[in-house]
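Listed here are the chains, written in short residue letters.
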Amino acid sequence: SNLGDNVFLRNDGGSFTEVAAQAEVLDGVDPGSELLITSWGTIWGDFDNDGWEDLLVVNGFVPAAPFITNEKDAHNSLFMNDGDGTFTRLDSELSGIADAGAARGVGMTDVDFDGWLDFYVADNGFDAVIEDGDQNRLYRNNQSLGDADNQWLELRLRGTRSNLEGIGARVEADVAGDTLKRFVLGDPVYISSGSRMVHFGLGKSPRVDRLRVIWPSGTVQQWVDVRAERHLEFREASVLVRKLKAPRLTAQGMQLTAQIANLGRSDSSYEMSFEVLRPGGQIVGLAAIESGTIGADEVGEVQTVFALSQVQIQALAGERIDIRVRLRSQRAMDSERTSFELK
């Protein structure tokens, strides 16, 4: 944000390129008065749940030297991401965010837990800035910015080895062949602090194929096959699934093996479920839930046998299947899904 043209720096992997004009987010001059616009708080969020993060910039007049003339009644700016490196600025009257106050800060969250992001604007209320003073404003998303059928997922991190709110964590969601990324930050906006909630717009996808959290502690934790339109708490785990081993067909059925590790400082009990699926997602069967205890800083294996008849064993030989495991320990969960060819 800036007095006049804003700056948008694109990360080119070790260097940056200024692309505000190319992306159509300059917003430096009021189209009516042709005076400079003074921008303050900026925030990124997927306001229409199409899978692309949009840009909200709040603008507000500031008293300055006579030679710096900035627009007193500049409206806030909402730039919708077109998905091709450019943005479309919504008319502030039509979008419902027309606020000619002296905006300074902005905080974002889902106030009513409907899966659509709302935001709160902190205005400068001093009479010296705005003639009649000013008021803060809460803008509730009425789902009219995009397709109301777009899907979403919201989660809140709870650190155990890392800090409680997971500040500094990176969250990645694999959705329909793309990877969406979010970072949990402290107070990234001018004089403002929003929610630590992590929000993903998913477009028309009914699920997240794989959800990964890279915690500040270095722990990498994941959930697979997460249904959309849910509010989740993602608790940092100490007991994790390291990998799945190739299943073996035996006379009794299918032997399934998972390697797990305890990163904690004390012994931990766990429960683990094994599922056998066809690549399209159809469940072949659910093996017995295995439970046990793993020692501190220990790596171990969990095995189970998925009972099959000889006819089923012969039918499955040579087929490709998926193994999905879910591990629960101390109110935290980790999971994995891997594809194998049965031999």
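J.: Describe the nonpolar core, and please don't skip the residues or the numbers.
T.: Ranked by size, the top nonpolar core spans 25 residues in total, and within it M254, L256, I260, M272, F274 and I323 carry the most contacts. Looking at this core, the elements with two or more residues in it are β17 (239–249), β18 (253–262), β19 (268–277), β22 (299–307), α3 (310–316) and β23 (320–329). Excluding residues that lie within four positions of it along the chain, I260 makes contacts with V239, L240, V241, R242, Y270, M272, I294, E298, V299, G300, V302 and L327. Among the nonpolar cores identified, the runner-up in size contains 22 residues, and L157, L202, V226 and A228 belong to it.

J.: Provide a residue-level description of the side chain of N6, including the pertinent values.
T.: Along the chain, N6 turns up in the segment before β1 (9–11). Taking relative accessible area as the criterion, N6 reaches 7% and is therefore assigned buried. Not counting residues within four places of it along the chain, the set of residues in contact with N6 comprises S1, E18, A20, V25, L26, D27, S39 and V57.

J.: Before we move on, can you summarise the confidence of the model for the protein chain with the specific residues and values?
T.: When pLDDT is averaged across the protein chain, the result is 88; 95% of the residues are at 70 or more. When pLDDT is averaged over each helix and strand of the protein chain, the minimum, 72, is found for helix α2 (residues 92–95) and the maximum, 98, for strand β11 (residues 170–175).

J.: Explain the sheet that holds β22 to me, and be specific about the residues and the numbers.
T.: Pairing is antiparallel across the open sheet formed by three strands, whose spatial order is β17-β18-β22. Among the strands making up the open sheet, the edge pair consists of β17 and β22. The average angle at which neighbouring strand axes cross in this sheet is 20°, direction not considered. Strand direction decides the pairing type here: β18 and β22, joined by nine bridges, are antiparallel. Across the sheet, the residue bridging to T257 is Q303, located in β22.

J.: Got a sec to walk through the packing of aromatic side chains? Specific residues and values, please.
T.: Here the structure, examined in full by the defined rule, presents eight aromatic pairs. Centroid distance W223 to F234: 4.2 Å. Interplanar angle 15°. Geometry classified as stacked. In this pair, W223 sits in strand β15 (residues 220–227) while F234 sits in strand β16 (residues 231–235), placing the two residues eleven residues apart along the sequence. The class of W223 is buried, set by a relative accessible area of 10%.

J.: Describe the environment of A228, listing the residues and the values that go with them.
T.: Structurally, A228 is set in the loop between β15 and β16. Here A228 is in contact with Q151, W152, L202, S205, P206 and R207, once residues within four sequence places are set aside.

J.: Tell me about the pattern of salt bridges, residues and numbers included.
T.: Summed over all chains, the structure comprises 20 salt bridges. D174 is the partner of R212 in a salt bridge, and the nearest nitrogen-oxygen pair spans 3.0 Å. Note that R212 is positioned in strand β14 (residues 207–214) and D174 in strand β11, a separation of 38 residues in sequence. One exposure class covers both R212 and D174, and it is buried. Linking D225 and R324 is a salt bridge whose minimum nitrogen-to-oxygen distance equals 2.6 Å. Note that D225 is positioned in strand β15 and R324 in strand β23, a separation of 99 residues in sequence. Per residue, the accessibility class of D225 equals that of R324, and both read buried. Overlapping salt bridges bring together R207, D209, D225, E275, D322, R324, R326 and R337 as one network.

J.: Which residues make up the sheet that holds β11, and what are the values?
T.: If you walk across this open sheet you meet the four strands as β12-β11-β14-β15, and the pairing is antiparallel. Of all the strands in the sheet, the pair left with one neighbour each is β12 (178–183) and β15. Here the average twist between neighbouring strands, direction ignored, is 20°. Direction of pairing for β11 relative to β12: antiparallel, over a ladder of six bridges. In the strand pairing of β12, R170 is matched with F183.

J.: Provide a residue-level description of the layout of surface pockets, including the pertinent values.
T.: There is about 740 Å³ of room inside the largest pocket. Around the largest pocket sit 25 residues that line it, and F8, L9, W44, E53 and F87 are the ones nearest its centre. Sorting the residues of the lining of the largest pocket by element identifies β1, β3 (39–45), β4 (54–59) and β12 as the ones contributing at least two each. Take the lining of the largest pocket: its biggest share by element is four residues, from β12. For the lining of the largest pocket, the class distribution of residues is eleven nonpolar, nine polar and five charged. Of the volumes computed, that of the second largest pocket is approximately 640 Å³. The wall of the second largest pocket is formed by 23 residues, among which W44, M108, F183, L185 and P188 lie closest to the centre.

Reading the values: the criteria
Residues numbered from 1 in each chain as written. Predicted model: local features only at pLDDT ≥ 70, side-chain atom pairs only at ≥ 80, totals over all residues. Heavy atoms only, no water. Core = buried A, V, L, I, M, F, W, Y, C linked by side-chain atoms within 4.5 Å. Buried < 20%, exposed > 50% of the residue type's maximum accessible area, 1.4 Å probe, protein only. Helix = DSSP H or I, 4+ residues; strand = E, 2+ residues; numbered from the N terminus. Contact = heavy atoms within 4.5 Å. pLDDT = per-residue confidence, 0-100. Pairing = 2+ DSSP bridges. Axes fitted to C-alpha atoms, helices over the stretch in contact; angles between N-to-C directions. Phe/Tyr/Trp six-rings, centres within 6.5 Å; stacked < 30°, edge-to-face > 60°. Salt bridge = Lys/Arg side-chain N within 4 Å of Asp/Glu carboxyl O. 1 Å grid on protein atoms, 1.4 Å probe; cavity = no way out; pocket = protein on both sides within 12 Å on 5 of 7 lines; lining within 4 Å. Points joined across faces, edges and corners; volume = space filled by probe spheres on them. Nonpolar A, V, L, I, M, F, W, Y, C, P; charged D, E, K, R; others polar.

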